[in-house]
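Take a look at the letters that make up each chain.
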Amino acid sequence: MPEHDVLIIGAGLAGQRAALAAVQAKASVAILSKVHPVRSHSVAAAGGINAAISIDDDWRSHAYDTVKGSDYLGDQDAIEVMCSEAPKEVMHLEHIGVTFHRNERGELDLRAFGGASMKRTAYVADITGQAILHVLYEQLLKHHAQLDRYEEWFVTSLLQDDGGCCCGAIARDIRTGRMEAFAAKSVILACGGAGQVYRPTTNALIVTGDGIAQAYRLGAPLMDMEMVQYHPTTLVENGLLITEGARGEGAILLNSEGERFMERYAPNKLELASRDVVSRAEQTEILEGRGVGADKAGIYLDITKVPRKRTLEALREIVNIGRDFAGVDITREPIMIRPGQHYMMGGVKTDVNGATPIDGLYAAGEVACVSVHGGNRLGANSLLDTLIFGRRAGEHAAARGSSMPMPKTPSHARVLEDVARIDEVLAREKGGGRRVSEIKQELGDTMNRHVAVYRDEAGLTEARSVVQRLRQEARSAYVDDRGTVFNQDVLGALELDYMLDCAEAIVAAAIERKESRGAQFRTDHPQRDDEKWLKHIDITRGQDGPQISYSEVTITQWQPEERRY
Ligand SMILES: Cc1cc2nc3c(=O)[nH]c(=O)nc-3n(C[C@H](O)[C@H](O)[C@H](O)COP(=O)(O)OP(=O)(O)OC[C@H]3O[C@@H](n4cnc5c(N)ncnc54)[C@H](O)[C@@H]3O)c2cc1C
């Protein structure tokens, strides 16, 4: 059985940054990923990464913007850590080889992004995530003596010892179907978000909330789960993302009357107000009949305002996306977009070192909730979050391991339990229930109908009962592939189970929060209510489903104020 000081599950930016920090701290590390690392969703990150590196900027201004963006639900101590460490992290990336865009003076160029009081977003055209992910992958190659990689291994569950500490994981080698237990002194979850709970979403098919659900099943609390970000500019046809970088470069939003409607909703920041504000404005225009397109369900994003040369240089991926997925040349005509699911602000509750309340279990990146994003994440703050807290989790897990023995090896019986779980799925009769894909679709459609930009009690209650029914149906859902080699079908059934856990937690928290804050807008409780609801909702798994408790929001220097853009 493989034994390591630190076992990292997930090889996106959070996982790879954690791995780099842990090997540099001399730990023995394994990194596991269900896809090849550079195919993690981080590779799709387009617009950039925030850091106060300009000489006239200050990390406190970045922190204030983040606090305000979070609608005062973000924990200010964690936000201070993230923003104050950001410049050093971005310079570190630049020094290890990330080719950030430079201006005519040869300095790192910065672009405008939503909710930011100045230009603060460093970028590599609109492939920033790809550029960083590849550099980290390459850097890790240097450390092969200390780092074992398990690429295309699917973690099925986390292991706990008799004292309740997390001491490893069970995983399936996707190539062969073989199951194995991994022992570790510490485990870092870096499994990304849960966007696939919604349909459509900007997230890759692999983003199915596995880590959130696995931690939840172990007893870890989830926090801020009701806060699900809808990005203002996703393609009407299929939900693909058009980066906020487009608006950062000067693109504008228009309704069917040709009106630049953001003038009414956010007179100062216009299209660069925070994402929750812009998405709500678009949805209101659509609901009031001023949408564009055949069924008036879209809004025009006009990128022709950006000089063509600049678009071709700095936004070249979305030129391709517009052409290939909507048949539109964005340098010459507006493109139809609408708000679409994009990001989970919530996740596994951690402290600023990535530690969860379960000994030995850390989480970083989108799977985690520190909480630096609170009710709404600012664009380009997620890449930053993955790197800062990935690094910190890697350092802390390595330090923890240096002073303890290897925990008792998890028993073989636990592996057999997971083997049996998979065998049970494979043994289900064809036609004896619904297909996994059908249930997944209904889940995604339901969440997108009732747990979206606007929510109310009736819709949320309906969503809860659909999720409960789907959970029953998932028990008999069958798969077509019964083989062992690259059986993605059976893994799809496990992922569906994880997604249902996430959906249940999201809906429970959204029903609980009877106010409007950040991404949660309740039409039946349209005001923010600091007196009752300036607190986090924590969810743990109880016998009869999600159990709710609350935790304090940490306020250091910025008292809640009315939010205006
Ligand atoms: C289209 C798009 C554009 C974006 N643009 C930006 C941007 O410009 N700026 C910004 O700040 N943010 C952006 N974001 C958000 C940001 O990219 C993500 O939040 C961030 O990259 C998540 O990184 P991560 O390391 O936490 O997870 P991911 O990159 O999603 O990686 C998750 C890893 O976990 C592994 N994994 C998951 N489950 C299992 C399992 N069961 N077993 C084994 N391995 C598993 C996966 O294989 C993968 O390696 C964007 C997001 C999207 C979808």
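In this text, all values refer to a predicted model and were calculated from it rather than measured experimentally. (Residues numbered from 1 in each chain as written. Predicted model: local features only at pLDDT ≥ 70, side-chain atom pairs only at ≥ 80, totals over all residues. Heavy atoms only, no water.)

A. Looking closely at the site of the ligand. Inspection of the region around the ligand gives 36 residues, with Ser-40, His-41, Ser-42, Gly-47 and Glu-366 positioned closest. Between the ligand and Ser-42 there is a distance of 2.5 Å, counted from an oxygen atom to a side-chain nitrogen or oxygen. In the environment of the ligand, an oxygen atom lies 2.7 Å from a nitrogen or oxygen atom belonging to the backbone of Gly-47. Looking at the shell around the ligand, the elements that each hand over two or more residues are α1 (13–24), β7 (153–160), β14 (335–344) and α11 (382–402). Residues that form the shell around the ligand fall into these classes: 16 nonpolar, 16 polar and four charged. (Near = heavy atom within 4 Å. Polar contact = N/O pair within 3.5 Å; in protein donor to acceptor, adjacent residues only side chain to side chain. Helix = DSSP H or I, 4+ residues; strand = E, 2+ residues; numbered from the N terminus. Nonpolar A, V, L, I, M, F, W, Y, C, P; charged D, E, K, R; others polar.)

B. Region of the structure containing empty space enclosed by the protein. Under the criterion given, the structure shown has two cavities of 30 Å³ or more. Counted as a void, the largest cavity has a volume near 60 Å³. Taken together, Val-228, Tyr-230, Asp-276, Ser-279, Arg-280, Ala-452, Val-453, Gly-518 and Ala-519 make up the lining of the largest cavity. Residue assignment for the lining of the largest cavity shows that the elements contributing at least two residues are β11 (228–235) and α8 (275–287). With three residues, the single largest contributor to the lining of the largest cavity is α8. The residue makeup of the lining of the largest cavity includes at least three contributed by each of domain 1 (232–340) and domain 2 (430–552). Taken as a whole, the second largest cavity holds about 40 Å³ of empty space. Together, Ala-11, Gln-16, Ile-31, Leu-32, Ser-33, Pro-37, Tyr-137, Leu-140, Arg-149 and Glu-151 line the second largest cavity. Broken down by secondary-structure element, the contributors of at least two residues to the lining of the second largest cavity are β2 (29–33), α4 (128–141) and β6 (147–151). (1 Å grid on protein atoms, 1.4 Å probe; cavity = no way out; pocket = protein on both sides within 12 Å on 5 of 7 lines; lining within 4 Å. Points joined across faces, edges and corners; volume = space filled by probe spheres on them. Domains from an automatic or database assignment.)

C. Main features of the sheet that holds strand β12 (residues 252–254). Ordered in space as β11-β14-β13-β12, the four strands form an open sheet in which the pairing is antiparallel. This sheet does not close on itself; its edge strands, each paired only once, are β11 and β12. On average, each strand axis in the sheet is inclined to that of its neighbour by 45°, with strand direction left out of account. In the sheet, strand β13 (residues 299–302) pairs with β14 via three bridges, with the strands oriented antiparallel. Across the sheet, residue Ile-299 finds its bridge partner in β14, namely Ile-337. (Pairing = 2+ DSSP bridges. Axes fitted to C-alpha atoms, helices over the stretch in contact; angles between N-to-C directions.)

D. Examining unusual backbone geometry more closely. Residue Pro-200 is reached from Arg-199 by a cis peptide bond, and omega for that bond is 0°. Cis rather than trans, the peptide bond between Val-370 and Ser-371 has omega equal to 0°. A positive phi angle, near 55°, is found at Lys-296, a position not held by glycine. Within the secondary structure layout, Lys-296 lies in the loop between α8 and β13. Classification of Lys-296 by relative accessible area gives partly exposed; the value is 43%. (Buried < 20%, exposed > 50% of the residue type's maximum accessible area, 1.4 Å probe, protein only.)

E. Layout of the nonpolar core. Formed by 81 residues in total, the largest nonpolar core has its most connected members in Leu-7, Leu-158, Val-197, Leu-361, Met-447, Val-451 and Ile-506. Sort the elements by how many residues they give to this core and helix α15 (residues 488–512) lands first, with 17 residues. Residues in contact with Leu-7, not counting those within four places in the same chain, are Ala-30, Leu-32, Gly-168, Ala-169, Phe-182, Ala-184, Ser-186, Val-187 and Ile-188. Ala-45, Phe-100, Leu-110 and Leu-147 belong to the second-largest nonpolar core, a separate cluster that totals 59 residues. (Core = buried A, V, L, I, M, F, W, Y, C linked by side-chain atoms within 4.5 Å. Contact = heavy atoms within 4.5 Å.)

F. Quick look at the packing of helix α12 (residues 412–427) against α15. Taken N-terminus to C-terminus, the directions of α12 and α15 make an angle of 110°; their axes are 10 Å apart at the nearest point. Put simply, α12 runs roughly perpendicular to α15. For the pair formed by α12 and α15, the contact residues are Arg-421, Ile-422, Val-425 and Leu-426 on the first element and Val-490, Ala-493, Leu-494 and Tyr-498 on the second. A per-class count over the contact of α12 with α15 returns seven nonpolar, no polar and one charged. (Parallel < 35°, antiparallel > 145°, perpendicular 65-115°, else oblique.)

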